[in-house]
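Per-entry structural report
Chain by chain, the residues run as shown.
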There are 2 protein chains.
Amino acid sequence: MAREPRLVEVRRNVLKQNDVVARELRTEFREAGVFVASMVSSPGAGKTALLERTLTLLRSRYRVAALVGDLATENDAARLKRSGAEVRQITTGTVCHLEAAMVRSGLEGWSLGALDFLFIENVGNLVCPSGYDLGEDLRFVLMSVTEGEDKPLKYPTIFNSADVSVLTKVDLADAVEFDWAAAEANIQAVRPGMHVLRVSAKTGAGMPEYLQALEAGLAERRAAAT
Amino acid sequence: MAREPRLVEVRRNVLKQNDVVARELRTEFREAGVFVASMVSSPGAGKTALLERTLTLLRSRYRVAALVGDLATENDAARLKRSGAEVRQITTGTVCHLEAAMVRSGLEGWSLGALDFLFIENVGNLVCPSGYDLGEDLRFVLMSVTEGEDKPLKYPTIFNSADVSVLTKVDLADAVEFDWAAAEANIQAVRPGMHVLRVSAKTGAGMPEYLQALEAGLAERRAAAT
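Now for a look at the structure at hand.

What counts, and at which threshold
- Residues numbered from 1 in each chain as written.
- Chains lettered and ligands numbered in written order.
- Predicted model: local features only at pLDDT ≥ 70, side-chain atom pairs only at ≥ 80, totals over all residues.
- Heavy atoms only, no water.
- Pairing = 2+ DSSP bridges.
- Helix = DSSP H or I, 4+ residues; strand = E, 2+ residues; numbered from the N terminus.
- Axes fitted to C-alpha atoms, helices over the stretch in contact; angles between N-to-C directions.
- Contact = heavy atoms within 4.5 Å.
- Buried < 20%, exposed > 50% of the residue type's maximum accessible area, 1.4 Å probe, protein only.
- Arc of directions from axis to C-beta.
- Polar contact = N/O pair within 3.5 Å; in protein donor to acceptor, adjacent residues only side chain to side chain.
- Least-squares fit on C-alpha atoms with pLDDT ≥ 70 in both.
- 1 Å grid on protein atoms, 1.4 Å probe; cavity = no way out; pocket = protein on both sides within 12 Å on 5 of 7 lines; lining within 4 Å.
- Points joined across faces, edges and corners; volume = space filled by probe spheres on them.
- Nonpolar A, V, L, I, M, F, W, Y, C, P; charged D, E, K, R; others polar.
- Right-handed = clockwise from strand over helix to strand, strands pointing away.
- Core = buried A, V, L, I, M, F, W, Y, C linked by side-chain atoms within 4.5 Å.
- Salt bridge = Lys/Arg side-chain N within 4 Å of Asp/Glu carboxyl O.
- Parallel < 35°, antiparallel > 145°, perpendicular 65-115°, else oblique.

**Describing the sheet that holds strand β2 (residues 64-70) of chain B**
For sheets, the rule is that strands pair by backbone hydrogen bonds, running either parallel or antiparallel. All names here are of chain B. Spatial strand order, β3-β2-β4-β1-β5-β6-β7: seven strands in an open sheet with parallel pairing. The open sheet has two free edges, formed respectively by β3 (86-91) and β7 (195-198), since each of these has just one partner strand. Between one strand axis and the next, the sheet turns through 20 degrees on average, direction left out of account. The strands that helix α2 (residues 47-58) touches are β1 (35-40), β2, β3, β4 (117-121), β5 (138-144) and β6 (164-168); relative to β4, the one it contacts most, it runs at about 170 degrees. Against the sheet, helix α7 (residues 180-190) makes contact with β5, β6 and β7, and its axis sits at roughly 150 degrees relative to β7, the strand it touches most.

The structure is reproduced here in structure tokens:
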């Protein structure tokens, strides 16, 4: 098809522009001493449930805030605000991913220096977010046990763009006869050495190890600044 | 951002080109007397499981075939071939949806007139496929009960691009405390009057009503041809 090269070229420019903004954001985050973690996954894998529990658990000891992306509705922001944290919704309309410029706009008026952790929840999509750096320090790719063990093989790019895998809804693993070994093997096949966490935002299982990963990241950031 | 108008313009051209091919496909399908149904959903909502059961159940009475889209792997085609039906995999690389031209290429060498039903399984994505007509007669949007009731509100465009909603994995509804009334209300909020089916490919629950929708479509097609 004749139109392909042109589309690819335009996409490349968009990505390049995104990378410039992402790099600026990363510098700002580092200078402000805030640790920034993002979450990508399929729709319904449990990003918001995990984030709600994260904000609630961290809030007593840290200054936390979140940006949440969705095509439509402010529902997630409303839900997350119950944790008491500052939360803003980014609605993308028909855009299938967040871009660094959307993160920048979402942060307007917030003082990054007043935060320990900033969380960014991407649009539910296992494809499109992979190409867009948001300046985050750590990208979690979530995969619920109800989605099946084969997702890493079918969506390798997103697993490659992330730093840590989080298997979610592990309380449902028995009900869906989840094959832990197959899931782990599939993740390692596309991303050898990837760290894999297991959590249930519902029961709280696995939350300590997951929070530890975040706190270690913050400690590293602070140590590097001094 | 200065680049936006140009990107939008290119996207529009891609869509227009897609619509031309989709229209040609639709005409070919009608002339061949084959009824074409497609499936869109999040990754892991159960498209392949439902399709496997569909092919197995229909195959004794109808001539059936399927095209299945994924970014990577031929796993789904291999799995679906166990049904005995003709199945071809379309691998899209990094493209987050099927396009009509991919369907056309996937059909090469197949005689449409030798088929009663053709199924097209889209890439797992609740955003991108919505803008791409594939020439199908009926588009199912699947949503598993494990994804939560709010998906129609958050991804309205895909529900608007589909003809029928299928709630899947209904055997897990109790385990996830699925709120049927809320799910139905959310679907009707974005798409008033939409037909909603409930199935479990695992237990077979709801399969008769779902197959009936397909058979009614084929009967209509055949009646229109005579």
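**Some words on helix α7 (residues 180-190) of chain A**
Residues and elements named next belong to chain A. What α7 keeps buried is the set Ala183, Asn186, Ile187 and Val190. Taken around the axis of α7, the buried residues stretch over an arc of 100 degrees, which confines them to a single face. For α7, the exposed residues lying more than 90 degrees away from the buried face are Ala181 and Ala189. By the N-cap criterion, in which a side-chain oxygen at the helix start approaches the backbone nitrogen of a residue two or three places on, α7 is capped by aspartate 179, the distance to alanine 181 being 3.3 Å.

**Thoughts on the relation of the copies chain B and chain A**
Superposing chain B onto chain A takes a rotation of 180 degrees plus a shift of 0.0 Å along the axis, which leaves an RMSD of 0.0 Å. The operation mapping one copy onto its partner corresponds to a two-fold rotation axis.

**Comments concerning empty space enclosed by the protein**
Regions of empty space are outlined by a rolling probe, equal in size to a water molecule, passed over the atoms. On inspection of all chains with the given rule, the structure shows three cavities of 30 Å³ or more. Estimated volume of the largest cavity: approximately 70 Å³. If you go around the largest cavity, you meet 16 residues; those closest to its centre are Pro43(A), Ser144(A), Glu147(A), Ser144(B) and Glu147(B). Its residues assigned to classes, the lining of the largest cavity shows four nonpolar, eight polar and four charged.

**Focus on the pairing of β2(B)**
Residues and elements named next belong to chain B. Burial of β2 is extensive: seven of the seven residues sit out of reach of the surface. Burial along β2 is two-sided: the face carrying Val64, Ala66, Val68 and Asp70 and the face carrying Ala65, Leu67 and Gly69 are both buried. Of the strand pairs in this sheet, β2 and β3 are connected by six bridges, and their pairing is parallel. From the neighbouring strand, valine 68 faces β3, where its bridge partner is glutamine 89. Viewed along the sheet, the connection from β2 through helix α3 (residues 75-81) into β3 turns out right-handed.

**Comments concerning the environment of Arg53(A)**
All names here are of chain A. Tracing the backbone through its elements, the reader meets arginine 53 in helix α2 (residues 47-58). Separated by 27 residues in the primary sequence, arginine 53 and leucine 80 place their C-alpha atoms 9.0 Å from one another. A distance of 3.3 Å separates a polar atom in the side chain of arginine 53 from the backbone oxygen of lysine 202.

**Re the nonpolar core**
With 48 residues, the main nonpolar core has Val141(A), Phe159(A), Val141(B) and Phe159(B) as its most contacted residues. Counting residues per element, the ones that place at least two in this core are β5 (138-144), α6 (156-161) and α7 of chain A together with β5, α6 (156-161) and α7 of chain B. Residue contacts for Val141(B): discarding those within four places in its chain leaves Val40(B), Leu126(B), Ile158(B), Phe159(B), Ala162(B), Val164(B), Ser165(B), Val166(B) and Met194(B).

**Observations concerning unusual backbone geometry**
Residue and element names in this part refer to chain B. Despite not being glycine, threonine 73 shows a phi value in the positive range, around 80 degrees. When you line up the elements, threonine 73 lands in the loop between β2 and α3. One non-glycine residue with positive phi stands out, namely lysine 169, at about 55 degrees. By the secondary structure assignment, lysine 169 is in the loop between β6 and α7. We classify lysine 169 as buried; its relative accessible area is 17%.

**Considerations on the pattern of salt bridges**
One pass over the structure, following the stated rule, counts 30 salt bridges over all chains. In this structure, Arg104(A) engages Glu24(A) in a salt bridge whose closest nitrogen and oxygen atoms are separated by 2.8 Å. Pair noted here: Arg104(A) is in helix α4 (residues 100-107) and Glu24(A) is in helix α1 (residues 4-32), with a separation of 80 residues, a long-range link. Salt-bridge contacts for Lys154(A) lead to Asp76(B); the nearest nitrogen and oxygen are separated by 2.7 Å. A residue pair is termed interchain when its members come from two chains, as with Lys154(A) in helix α5 (residues 151-154) and Asp76(B) in helix α3. Residues Lys154(A) and Asp76(B) agree in their burial class; the two are buried.

**Some words on the packing of α2(A) against helix α8 (residues 207-225) of chain A**
When two helices pack together, you describe them by how their axes are tilted relative to each other and by the distance separating the axes. Residue and element names in this part refer to chain A. α8 packs onto α2 with a crossing angle of 70 degrees between their chain directions and a minimal axis gap of 12 Å. In this view, α2 runs roughly perpendicular relative to α8, as classed from their interaxial angle. Note on element contacts: α8 touches α2 through Met207, Tyr210, Leu211 and Leu214, opposite Leu50, Arg53, Thr54, Leu57 and Leu58. Among the residues forming the contact of α2 with α8, the class breakdown is seven nonpolar, one polar and one charged.

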